[in-house]
Amino acid sequence: MPATVMARAGSKKIWGKGDIVLVIQAHPDDAEYYVGGTIARMVEEGCVVNYATVTDGSKGTFDVNVDPKVLSETRRREQRAAADVLGVKDLFFLGYPDGDLYPSLELRGRLIEIIRTVKPKIVMTLDAWLPYEIHPDHRVTGLMASEATVFAGMPNFYKEQILSGIEAHKPDFILLFATDSPNLFIDIAKHVDKKAEAIMRHESQLSLSFPVDLTKKGLEEVKKELVRNLRRKNRKKGRCVEPMRMFRVGAGHFIRE
Ligand SMILES: [Zn+2]
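Definitions and limits used
Residue numbers restart at each chain and count upward from 1, following the sequence in its written direction. Reporting of local features is limited, given that this is a predicted model, to residues whose pLDDT is at least 70; pairs of side-chain atoms are given and counted only at 80 or more, and all residues count toward the totals for whole chains, interfaces and linings. To assign burial, the other C-beta atoms lying within 10 Å of each residue's own C-beta are counted, with C-beta atoms placed from the backbone; 20 or more indicates buried, 12 or fewer indicates exposed, and intermediate counts indicate partly exposed. We count a stretch as a helix when DSSP gives it H or I for four or more residues in a row; a strand needs E for two or more, and each element gets its number in order from the N terminus. Pairs of strands are assigned from DSSP output, requiring at least two bridges between the strands. Nonpolar cores are identified as sets of buried Ala, Val, Leu, Ile, Met, Phe, Trp, Tyr and Cys residues joined via C-beta atoms within 7 Å. Contact between residues is assigned whenever the C-beta positions, reconstructed from backbone atoms, fall within 7 Å. To estimate the expected span of a helix, subtract one from its residue number and multiply by 1.5 Å.

1. Some remarks on the pairing of strand 3 (residues 20–25)
Counting buried residues in strand 3 gives five out of six residues, a clear majority hidden from the surface. In terms of strand pairing, strand 3 meets strand 4 (residues 48–55) through six bridges, oriented parallel. When the sheet's bridge partners are listed, Leu22 is paired in strand 4 with Asn50. Bridge analysis of strand 3 against strand 6 (residues 122–126) gives four bridges, and the strand direction is parallel. Within strand 6, the residue paired with Val23 across the bridge is Met124.

2. Some thoughts on the nonpolar core
Core analysis: the largest hydrophobic core is formed by 64 residues, its most contacted members being Leu22, Val23, Ile39, Leu111, Ile115, Leu175 and Phe177. With near-sequence residues (within four places) excluded, Ile39 lies in contact with Val23, Ala31, Val49, Leu86 and Val88.

3. Some remarks on helix 3 (residues 105–118)
Taking 1.5 Å of rise per residue, 14 residues should cover 20 Å, and helix 3 covers 20 Å from first to last C-alpha, within 8% of that figure. For helix 3, every residue scored as buried is listed here: Leu107, Arg108, Leu111, Ile112, Ile114, Ile115, Arg116 and Val118. Lining the buried residues of helix 3 we find strand 3, strand 4, strand 5 (91–96), strand 6, helix 4 (136–151) and helix 5 (159–163). The first or second residue beyond helix 3 is Lys119, which carries a positive phi of 55 degrees.

Listed below in structure tokens is the structure:
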């Protein structure tokens, strides 16, 4: 097996050198938390990874005095810094208000246009079918990104894009993260440190994710604790993994094998 083709589901190759990946996330930092190790590994193995971030992250604070515009700009900067740690290429920010996301044909069309422009082999997004997931941004991003993935290859959907010169494009695979029905486990043992480093770049979010006592001890201590947690929690049969639900993409449907 060539070194560049290392991730497989069963006996099938998922990615290799030169493959394009598009991660569609609800908030700046979802990708790093759920699949940061996989993204680091994909980049190392020659993939070109891009992000689309649907909301502006402007409510991600307990401080009522924070200007939402300022926070959303901070979070864009943090997302770029985290993406740079992992080697991610282009970032698309759709700018929908944090926490208020509901399904719309407009959002679906914007995601289809990004898929048709980036032309990914693999789309990665949140699992819209995670039981008891109450955050609308996670549910709706997962649903709209899934619909966009199965319709982007069909030229009569959002035909105006096709008439303006954008080609239809069907991704081969969708990988759903934050899932409780995984069928793909990506070994990230060698990429835990990089994942933690990327999560740490979302500095404005650290006080929401870690106890105050720990954050007072400084960034190095937070990172050590994060690495310990990632190694302890992400385990399957002794391996350190990130779980995902994988489907092949058909015309208008996921292919259920
Ligand atoms: Zn989120």
